[in-house]
Amino acid sequence: MQHIDEQYIVNNFESALEKGYVKAYYQPVIRTLTERICSVEALARWQDPVVGLLSPFLFISVLEKYRLIHKLDLAILDNICITYNEMKRQGLPLHPFSINLSRLDFDEIDMLDAISKTLKKYDVPSTAIHIEITESVMLDNTAYFRRIFDSFHDAGFAIFMDDFGSGYSSLNVLKDYSFDVLKIDMRFLSDIGIRSKKILASVMNMAKAIGMHTLAEGVETKEQMTFLRNIGCEMLQGFYYSKPMDGDLYIKYPSESKLGVEDPSENHYWNAVGQINFLSPDPLNDVTTEQIEHGDYGFIRENSTALALIEKTGPHVKLLYKNDAYEKGLQRIGFGSVDDMIKAINESEASNYSNVDSQVKLSIKTGEIIKEDHLVNGVYFSYYTKSIAEINGKIMLAASIQTYGGEADKITNDLFDKYSRMLIDTYDHISVLDTENNTVVTRLYSKMGFNEEYTEMPLDEAVKKFAENEIKESDRKRFLQYIEPSTLRDRIASSGKRLFQQPFHFKMQDGKYQMMDAKIMRVFMTYGDIYIFTVQDMSAQALQMADIMLRDHPGILKEQQ
Ligand code: C2E
Ligand code: MG
Ligand code: MG
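Residues numbered from 1 in each chain as written. Chains lettered and ligands numbered in written order. Predicted model: local features only at pLDDT ≥ 70, side-chain atom pairs only at ≥ 80, totals over all residues. Heavy atoms only, no water.

**Side note on the coordination of the magnesium ion (ligand 2)**
Line of reasoning, step 1. The coordination sphere of the magnesium ion (ligand 2), as far as protein atoms go, consists of Glu41 (OE), Asn100 (OD1), Glu132 (OE) and Asp162 (OD), spread over 2.0 to 2.3 Å.
Line of reasoning, step 2. Between the magnesium ion (ligand 2) and the magnesium ion (ligand 3), a spacing of 4.2 Å is present, and a bridge between the two is formed by aspartate 162. Residue glutamate 132 is found in strand E5 (residues 129-134), and its partner aspartate 162 is found in strand E6 (residues 158-164); the two are separated by 30 residues along the sequence. No difference in accessibility class separates glutamate 132 from aspartate 162, as the two residues are buried. (Donors = N, O, S within 2.8 Å, 3.2 Å for Na, K, Ca; no water. Helix = DSSP H or I, 4+ residues; strand = E, 2+ residues; numbered from the N terminus. Buried < 20%, exposed > 50% of the residue type's maximum accessible area, 1.4 Å probe, protein only.)

**Digging into the confidence of the model for the protein**
Line of reasoning, step 1. On average, residues of the protein score 87 in pLDDT, and 93% of them reach the 70 mark or higher.
Line of reasoning, step 2. Taken element by element, the protein is modelled with least confidence in helix H12 (residues 289-293), mean pLDDT 54, and with most confidence in helix H5 (residues 111-122), mean pLDDT 98. (pLDDT = per-residue confidence, 0-100.)

**A short note on the state of the cysteines**
Line of reasoning, step 1. Evaluated as defined, the whole model comprises 0 disulfides.
Line of reasoning, step 2. Take cysteine 38: it sits in no disulfide, and the sulfur closest to it among the cysteines is that of cysteine 233, at 10 Å.
Line of reasoning, step 3. Judged by its relative accessible area of 9%, cysteine 38 is buried.
Line of reasoning, step 4. Just so you know, cysteine 81 is unpaired, no disulfide at all, and the nearest cysteine sulfur is the one on cysteine 38, 19 Å from it.
Line of reasoning, step 5. For cysteine 81, a relative accessible area of 0% puts it in the buried group. (Disulfide = S-S within 2.5 Å.)

**As for the coordination of the magnesium ion (ligand 3)**
Line of reasoning, step 1. Coordination sphere of the magnesium ion (ligand 3), protein contribution only: Asp162 (OD), Asp163 (OD), Glu217 (OE) and Glu217 (OE), at 1.8 to 2.7 Å.
Line of reasoning, step 2. Every donor residue of the magnesium ion (ligand 3) comes from the same chain, spaced as D-D-x53-E.
Line of reasoning, step 3. Take aspartate 162: its relative accessible area is 4%, and that puts it in the buried class.
Line of reasoning, step 4. On the accessibility criterion, glutamate 217 (8% relative accessible area) is buried.

**Considering the domain arrangement of the protein**
Line of reasoning, step 1. Taken domain by domain, the protein consists of domain 1 (6-261), domain 2 (289-410) and domain 3 (426-559).
Line of reasoning, step 2. Between the C-alpha centres of domain 1 and domain 2 there is a distance of 49 Å. (Domains from an automatic or database assignment.)

**A look at the site of ligand 1**
Line of reasoning, step 1. Taken together, 26 residues lie around ligand 1, and Arg45, Asp73, Asp162, Glu220 and Phe239 are the ones closest in.
Line of reasoning, step 2. The side chain of aspartate 162 places a nitrogen or oxygen atom 2.9 Å from an oxygen atom of ligand 1.
Line of reasoning, step 3. Glutamate 217 has a polar side-chain atom sitting 3.3 Å from an oxygen atom of ligand 1.
Line of reasoning, step 4. Of all elements in the fold, only strand E2 (36-48), helix H2 (56-65), helix H3 (69-89), strand E4 (97-101) and E6 reach the threshold of two or more residues within the shell around ligand 1.
Line of reasoning, step 5. Of the residues in the shell around ligand 1, the class split is 12 nonpolar, 5 polar and 9 charged. (Near = heavy atom within 4 Å. Polar contact = N/O pair within 3.5 Å; in protein donor to acceptor, adjacent residues only side chain to side chain. Nonpolar A, V, L, I, M, F, W, Y, C, P; charged D, E, K, R; others polar.)

**What about the sheet that holds strand E15 (residues 394-403)?**
Line of reasoning, step 1. Pairing is antiparallel in the open sheet, where 5 strands are placed in the order E12-E11-E15-E14-E13. Of all strands in the sheet, those bounded by a partner on one side alone are strand E12 (316-322) and strand E13 (370-376). Each neighbouring strand pair of the sheet contributes to a mean axis angle of 30 degrees, computed without reference to strand direction.
Line of reasoning, step 2. When strand E11 (residues 308-313) meets E15, the two strands line up antiparallel, connected through 6 bridges. Note on E15: the bridge partner recorded for alanine 308 is alanine 399.
Line of reasoning, step 3. Set on the sheet, helix H14 (residues 338-347) makes contact with E11 and E12; between it and E12 the angle comes to about 165 degrees.
Line of reasoning, step 4. Together, E11, E13, strand E14 (379-391) and E15 form the strand contacts of helix H15 (residues 354-366), whose direction differs from that of E13 by roughly 175 degrees. (Pairing = 2+ DSSP bridges. Axes fitted to C-alpha atoms, helices over the stretch in contact; angles between N-to-C directions. Contact = heavy atoms within 4.5 Å.)

**Let's talk about the packing of H3 against H5**
Line of reasoning, step 1. Viewed as axis vectors pointing N to C, H3 and H5 meet at an angle of 25 degrees, and their least axial separation amounts to 10 Å. With respect to their mutual orientation, H3 and H5 come out roughly parallel. Crossing of H3 over H5 shows right-handed handedness. Residues Asp73, Leu74, Leu77, Asp78, Cys81, Ile82 and Asn85 of H3 pack against Met111, Ala114, Ile115, Thr118, Leu119, Lys121 and Tyr122 of H5.
Line of reasoning, step 2. Each residue belonging to the contact of H3 with H5 can be placed in one class, and the counts come to 9 nonpolar, 2 polar and 3 charged. (Parallel < 35°, antiparallel > 145°, perpendicular 65-115°, else oblique. Left-handed = near helix turned anticlockwise from the far one by under 90°.)

**Structural notes on the pattern of salt bridges**
Between side chains of opposite charge, pairing is possible as soon as their charged atoms come close.
Line of reasoning, step 1. What the rule picks out here adds up to 22 salt bridges.
Line of reasoning, step 2. Residues aspartate 107 and arginine 103 are paired through a salt bridge, measuring 3.7 Å at the closest nitrogen-oxygen approach. With aspartate 107 and arginine 103 both in helix H4 (residues 103-108) and 4 residues apart, the pair spans about one turn of that helix.
Line of reasoning, step 3. As a salt-bridge pair, lysine 197 and glutamate 223 come within 3.7 Å of each other at their nearest N and O atoms. Of the two residues, lysine 197 sits in helix H8 (residues 194-209) while glutamate 223 sits in helix H9 (residues 222-230), which places them 26 residues apart along the sequence.
Line of reasoning, step 4. On the accessibility criterion, lysine 197 (24% relative accessible area) is partly exposed.
Line of reasoning, step 5. According to the relative accessible area criterion, glutamate 223 is partly exposed, its value standing at 45%.
Line of reasoning, step 6. What emerges from the salt-bridge pattern is a single network uniting Glu41, Glu132 and Lys183. (Salt bridge = Lys/Arg side-chain N within 4 Å of Asp/Glu carboxyl O.)

Right, here's the structure in full:
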């Protein structure tokens, strides 16, 4: 690194200013979504005829020490105004310019007054100037700087917090002041590894939550640019797009680089777009700054993805956390609340939940997220489970639910509807039985031409009549044992399965008997004991096997049920 005598800087600074050796270089700021130039930062350069080009790092601290810095900053503002007016004269598209201020500027003179006078002299509006201040500046005298920033805001200037994250009190500064833009320095995250990425994503999240716009500086690579775009960083600045360049070069830059310049009248538009938090689980429903300002403290929004944490100790489950979305999901499938579900699992026999239970077992075994589709109370939904941790026989499960139905899932719903009708068509008969209320709820579907519907009488009576009318005599006794409504529940529970299946000879339309497959399935409802009774044709092979079985081992069917 170049070494320059402090004294050389002090002695030569003012004459260098006069002779125009000190001037602004310009580095464009790019709107991430459009890749158009939305503003530009002015950075001081000292082109010395004796010692060559001096970087700000060499002279700024010296100028601060000797209380000359405000002269530099006002000279840079002068430069900006000249460049701005030259662009205006040439009819080029205009955009705001940023200047960097030092904390000592405010100690030395009334900076707002000095800046306003310069702008007035050149007829440049305050909205064309952004003020950049590094975070370390503001630590010691909060009330004092707040007043200063308020007066800059009132005069129409936007204020950027420069080098966010490089100081040791960034969060305090954020808490105490309201900035328009948070300028995040990529260079303090020297490599863009997973930790840096997570930090940047969190900063982005936070900035949007408190209504500040985001700009990343020091962007050098395409990888950085892509990552920043994905996490919703609104503006980018760095060598990836351009190095700082002198005024003459910069004036030509927008047309030569083909980047184009954003129309400043679109500022509000892009600012509104910039408020969308790409990382939010519920970006459309995210809180806006106005809500925060109006004291709406519902701003800590819950995740729109359902989540519950359920601790399982043996068969017993305990709810530790659930969000609104999870509660709503369970209500959609017919539970009054999540607590109702937990109570039901703990109080009723395990077989009622055998489906979910086997899913849970699989997630414990694999450690993966297991997704299974279920039907409860006639509502089709996906349930997700993952085992998170395990200790002393306790297992913590994370669970999520996604229900289908309603307008939002119209396509899934329609498809489900369409194909479930086709599946129904593979059955020859379907009835719904309610053993608790002793009724045949409905004859849902039938191609069998049975004698009657059997819905007009109590279930126990219907079963007997059905066996008499529709089942071949040799099978009748076995059929009645198989379907016996009063013991159905216990028999299914102790079988560990959700269904019984046996072949019987049913009477066909032509009066002949044919062997068909009969199933009784327990349907999961939060109310009543509902079963579906189906009759289905059998494949030639299954028929052969059933024939052999009935002939050689008639007892086996009785045991199996
Ligand atoms: P800063 O305001 O944070 O400016 C960004 C610095 O990063 C600039 O250095 C710029 O040239 C450099 N930079 C921009 N893009 C990249 C990149 O992609 N990679 C790398 N490695 N560097 C990049 P510069 O111009 O040397 O300025 C250094 C600091 O000096 C500035 O940091 C600012 O705090 C201060 N400064 C510059 N000009 C002025 C001024 O007119 N007045 C005051 N008070 N301070 C100034
Ligand atoms: Mg800066
Ligand atoms: Mg910076």
